[in-house]
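# Chain and residue survey
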Amino acid sequence: MTDTAVFEISGGDYAGGGSASKQLKELLKRLGVDAQSVRRTMVAAYEAEMNVVIHARRGSMQVAVQPNQVDVAVLDEGPGIADIEQAMQEGFSTAPAEAREMGFGAGMGLPNIRKNSNRFSIRSAPGR
């Protein structure tokens, strides 16, 4: 059996940032997912969510939970990534000053998502 959920994410909503990840955590715990899997999923989901908050106009986190697998897809409407290889480098960031002043935008988001995922893929291009 697969449980699914979709959580909306608003770009620029720093105060609400993390709410989709929190709802995901509650879902995983309610479904009895083991603590290690919950932790890894939360790191990846939170980083992806905050990338939407920081860089996009809006997005969604789509989740499918199966007995031995959690799939999380984050889709957004934003400016796109010009150079994905560069964006995957630890410390590289295009976060605006507003995000940096709040402690975000250290350039660890995408690398942390990859480190905490068994499978990781990203598709983006400037303007998409």
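A short tour of the structure in this document, coming up. (Residues numbered from 1 in each chain as written. Predicted model: local features only at pLDDT ≥ 70, side-chain atom pairs only at ≥ 80, totals over all residues. Heavy atoms only, no water.)

## What about the overall build of the protein chain?
Across its full length, the protein chain carries five helices and three strands. Its helices and strands in sequence order give the protein chain the pattern β-α-α-β-β-α-α-α, from N to C terminus. A globule of 128 residues ought to have a C-alpha radius of gyration of about 14 Å, and the protein chain, at 14 Å, matches this closely. Judged by the C-alpha coordinates and their principal axes, the protein chain covers about 40 × 30 × 25 Å. For the protein chain, the proportion of its 128 residues judged to be buried stands at 34%. For the protein chain, long-range pairs separated by at least 24 residues make up 65% of all intrachain contacts whose partners lie at least 6 apart in sequence. When the accessible area of the protein chain is evaluated, it comes to approximately 7,700 Å², of which 47% is carbon and sulfur surface. (Helix = DSSP H or I, 4+ residues; strand = E, 2+ residues; numbered from the N terminus. Rg over C-alpha atoms; globule rule 2.2 N^0.38 Å. Buried < 20%, exposed > 50% of the residue type's maximum accessible area, 1.4 Å probe, protein only. Contact = heavy atoms within 4.5 Å. Areas by Shrake-Rupley, 256 points an atom, 1.4 Å probe, with all protein chains shown as cover.)

## Describing the pairing of strand E2 (residues 58-66)
Pairing analysis gives eight bridges linking strand E1 (residues 3-10) to E2, with the strands arranged antiparallel. By the bridge assignment for E2, Ile-9 is matched with Gly-59. (Pairing = 2+ DSSP bridges.)

## Brief notes about the pattern of salt bridges
Any two side chains of opposite charge can pair if their charged atoms end up close together. Applying the stated criterion to the full structure yields three salt bridges. Glu-77 is the partner of Arg-58 in a salt bridge, and the nearest nitrogen-oxygen pair spans 2.8 Å. Of this pair, Arg-58 sits in strand E2 while Glu-77 sits in strand E3 (residues 69-77); the two residues are 19 residues apart in sequence, bridging distant segments of the chain. A salt bridge links Asp-71 to Arg-119; the shortest N-O distance between them is 3.3 Å. With Asp-71 in strand E3 and Arg-119 in the segment after helix H5 (109-115), this residue pair connects regions lying 48 residues apart in the sequence. (Salt bridge = Lys/Arg side-chain N within 4 Å of Asp/Glu carboxyl O.)

## Section: the sheet that holds E2
Sheet architecture is open: three strands sit in the order E1-E2-E3, paired in antiparallel fashion. What marks the edges here is a single partner per strand, and that holds for E1 and E3. Sheet twist, expressed as the average angle between the axes of neighbouring strands with direction ignored, equals 15°. In this structure, E2 lies alongside E3, joined through nine bridges in antiparallel fashion. Each bridged residue has a counterpart across the sheet, and for Val-63 the counterpart in E3 is Val-72. Contacting E1, E2 and E3, helix H2 (residues 35-55) crosses the sheet at an angle of about 5° to E3. (Axes fitted to C-alpha atoms, helices over the stretch in contact; angles between N-to-C directions.)

## Here's the deal with H2
The end-to-end C-alpha distance of H2, which contains 21 residues, comes to 30 Å, matching closely the 30 Å that a straight helix rising 1.5 Å per residue would cover. Residues of H2 that are buried: Val-38, Thr-41, Met-42, Ala-44, Ala-45, Glu-47, Ala-48, Glu-49, Met-50, Val-52, Val-53 and Ile-54. (Expected span 1.5 Å × (residues − 1).)

## A closer look at the packing of aromatic side chains
A complete count under the given rule lists one aromatic pair for this structure. Between the aromatic rings of Tyr-14 and Phe-104, the centroid separation amounts to 6.0 Å while the plane-to-plane angle is 25°, which identifies the pairing as stacked. In this pair, Tyr-14 sits in the loop between E1 and helix H1 (19-30) while Phe-104 sits in the loop between helix H4 (97-101) and H5, placing the two residues 90 residues apart along the sequence. Judged by its relative accessible area of 12%, Tyr-14 falls in the buried class. (Phe/Tyr/Trp six-rings, centres within 6.5 Å; stacked < 30°, edge-to-face > 60°.)

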